Amino acid sequence: MADIDQIEEWLIGQALSSPDLPAMFAEMCERLRACNVPVDRAMLVWSALHPLIEAEIAFWELGGETYHERITHDQEDSDDWLQSPIRAVLLNRDPMLRRRLKSPNAPIEFPLLMRLQGNGYTDYLALPTHFEIPAIRAEIENTGIVVSWATKAKDGFTDDALDAIRYIQKRLALAARATLESQISRTIADTYLGVTAARKVLDGQIRHGDGETIEAVIYYSDMRHSTSIAELLGPEAYLQYLNDYFAATAGAVQACQGEILDFIGDAVLGVFPTDGQSQKAAVRKAIAAADETRQRIKAFNTRNSALPEMKAGIALSTGAVMFGNIGVPDRLTFSVIGQTVHAAARVESLTKTAGSNVLMTQDVAAFATERARAVGDFELYGFSSRQPLFALE
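Residues numbered from 1 in each chain as written. Predicted model: local features only at pLDDT ≥ 70, side-chain atom pairs only at ≥ 80, totals over all residues. Heavy atoms only, no water.

J.: Help me understand the pattern of salt bridges in this model?
T.: A side chain with one charge can pair with a side chain of the opposite charge if their charged atoms come near. All chains considered together, the criterion is met by 16 salt bridges. Two residues, Asp 123 and Arg 98, come together in a salt bridge whose shortest N-O distance is 2.7 Å. In this pair, Asp 123 sits in strand E5 (residues 123-130) while Arg 98 sits in strand E4 (residues 97-100), placing the two residues 25 residues apart along the sequence. Note that Glu 370 is salt-bridged to Arg 284, the shortest N-O span being 3.3 Å. With Glu 370 in the loop between helix H12 (362-365) and strand E13 (372-378) and Arg 284 in helix H10 (residues 279-303), the pair connects residues that are 86 residues apart, well separated along the chain. The class of Arg 284 is partly exposed, set by a relative accessible area of 35%. Via salt bridges that share partners, Asp 291, Arg 294 and Arg 371 belong to a single interconnected network. (Salt bridge = Lys/Arg side-chain N within 4 Å of Asp/Glu carboxyl O. Helix = DSSP H or I, 4+ residues; strand = E, 2+ residues; numbered from the N terminus. Buried < 20%, exposed > 50% of the residue type's maximum accessible area, 1.4 Å probe, protein only.)

Right, here's the structure in full:
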């Protein structure tokens, strides 16, 4: 077991770092083979707490490339999964499933095992290791990992090989748990804060008042007639309508490399920082997001003529903003504040009367002269003089 102890020590080191789980799994399989544990094929399966991904798979086979697949929530269960021995282990809550593929009397009730038998495999083992991590409890009762192991060794896995596999899988589970908890933390932070804000928070900017001044273009949109639409549709249908609206507005910001900082009721606050790019480039992306929003709303209305017409006002402004923690010490949000943000919110309200659903401040219009149409000078709260505004043609 001395060589196995070296794998254990290596896995402890992995648990204390931030490894790529599929790569770590593949290297562990190679290390097991170096310790005379005859693993020829192995697959690691784990669930994910992620808005898009339900589970992930890492597949290793001797002499081949490591395969990593993410299964999304909206993917239908494949026949391979529905008839999988790993699924059977999970459903039946079996501590282990083993099939000696070389034995003429072995039950080969799964199509996968028939294929493995035909490819020269002699033994198959599916082994779950349960541990607690955050999960969608309505869908997943037992969290952890499941690993399948297969060999082509003449007599299958020996008792010593099985002991080594069980021993190492528990250590693999510890390393996987540390990695998955770190991934879940990043996913939750990215989902609820946005990528840039999440990185700052996870890097330690968690105190009241932490922040910095940056140059950015602000995108602010608000839905028209939301109160009457909510009353007409009812709560459930309106929630779907609202998410379709966010797909058209916030989705457009993300598609154009911007970031969503906040959903304020049915309004969207997006930002295009100039950090790492010119102001002109950031403005162009914000304008592209406004164009994309228009196109998505038009497409939605075309597809859903029986629903209330979706409309939105959009404002673009640019300048210095304070990017950081606001709130009270034990309940914070990471957002942008400052005159540039206030300007965008107030300019958006003018889209109702200015004859355009997209309005820009003069600093934004300066980079879109071929498409900017002056609509007049307006009084904006907080500004000492009237401000010229421009429609995006």
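Here the narrative resumes.
J.: What am I meant to see in the packing of aromatic side chains here?
T.: Any aromatic ring pair is given by two values, namely how distant the centres are and how the planes are angled relative to each other. Scanning all chains against the criterion turns up four aromatic pairs. Through a chain of ring-to-ring contacts, the aromatic side chains of Tyr 245, Phe 246 and Phe 263 assemble into a single cluster. Above the ring of Tyr 121, the side-chain terminus of Lys 152 is found at 5.0 Å from the ring centroid. The ring of Tyr 167 carries the charged tip of Arg 171 above its face, separated from the ring centre by 3.7 Å. (Phe/Tyr/Trp six-rings, centres within 6.5 Å; stacked < 30°, edge-to-face > 60°. Lys NZ or Arg CZ within 6 Å of the ring centre and 35° of its normal.)

J.: What is the right way to read the nonpolar core from this model?
T.: Side chains that are nonpolar tend, in soluble globular proteins, to be buried together. One finds Phe 25, Met 28 and Trp 149 to be the most contacted residues of the largest nonpolar core, which totals 37 residues. Sorting the residues of this core by element identifies helix H1 (2-15), helix H2 (21-34), strand E1 (41-47), strand E2 (53-61), strand E6 (144-151) and helix H6 (159-193) as the ones contributing at least two each. By residue number, the principal contributor to this core is H6, which donates eleven residues. The residues contacting Phe 25, other than those within four sequence positions of it, are Ala 42, Met 43, Leu 44, Ala 58, Trp 60, Val 147 and Leu 172. If you look at the next biggest cluster of nonpolar residues, it comprises 35 residues, including Met 223, Tyr 238, Ala 282 and Phe 300. (Core = buried A, V, L, I, M, F, W, Y, C linked by side-chain atoms within 4.5 Å. Contact = heavy atoms within 4.5 Å.)

J.: What exactly am I supposed to notice about helix H11 (residues 339-350) here?
T.: An α-helix turns once every 3.6 residues. As a result, residues three or four positions apart point the same way. Taking 1.5 Å as the rise per residue, H11 with twelve residues should run 16 Å; its terminal C-alpha atoms sit 17 Å apart, in good agreement. By the burial criterion, the buried members of H11 are Thr 340, Val 341, Ala 343, Ala 344, Val 347, Glu 348 and Leu 350. (Expected span 1.5 Å × (residues − 1).)

J.: Would you explain the packing of helix H8 (residues 226-233) against helix H9 (residues 235-255) in this entry?
T.: A pair of packed helices is characterised by two quantities: the angle between their axes and the separation of those axes. Where H8 contacts H9, the two axes come as close as 7 Å, and the packing angle between them is 135°. As far as their axial angle goes, H9 and H8 are oblique. In this structure, H8 meets H9 at a crossing whose hand is right-handed. Contacts between H8 and H9 pair Ser 226, Ile 229, Ala 230 and Leu 233 from the former with Pro 235, Ala 237, Tyr 238 and Tyr 241 from the latter. (Axes fitted to C-alpha atoms, helices over the stretch in contact; angles between N-to-C directions. Parallel < 35°, antiparallel > 145°, perpendicular 65-115°, else oblique. Left-handed = near helix turned anticlockwise from the far one by under 90°.)

J.: Would you mind going over the environment of Asp 123 with me for this structure?
T.: Judged by its relative accessible area of 0%, Asp 123 falls in the buried class. A sequence separation of 154 residues divides Asp 123 from Gln 277, and the C-alpha atoms of the two residues are 57 Å apart. Apart from residues no more than four positions distant in its own chain, Asp 123 is found in contact with Arg 98, Arg 99, Arg 100, Leu 101, Trp 149, Ala 150, Thr 151, Gly 156 and Phe 157. Side-chain polar atoms of Asp 123 contact the side chain of Arg 98, separated by 2.7 Å. At a separation of 2.9 Å, a polar atom in the side chain of Asp 123 contacts the main-chain amide nitrogen of Phe 157. (Polar contact = N/O pair within 3.5 Å; in protein donor to acceptor, adjacent residues only side chain to side chain.)

J.: Is there a simple way to explain the packing of H9 against H10 in this structure?
T.: For the pair H9 and H10, interaxial distance at closest approach is 8 Å and the crossing angle is 150°. Comparing the axis directions of H9 and H10 gives the class roughly antiparallel. Our pair here, H9 against H10, has a crossing hand that is right-handed. Only Ala 289, Glu 292, Thr 293, Arg 296, Ile 297 and Phe 300 of H10 make contact with H9, whose side of the interface consists of Tyr 241, Asp 244, Ala 247, Ala 248, Thr 249, Gly 251, Ala 252, Val 253 and Ala 255. Of the residues in the contact of H9 with H10, the class split is nine nonpolar, three polar and three charged. (Nonpolar A, V, L, I, M, F, W, Y, C, P; charged D, E, K, R; others polar.)

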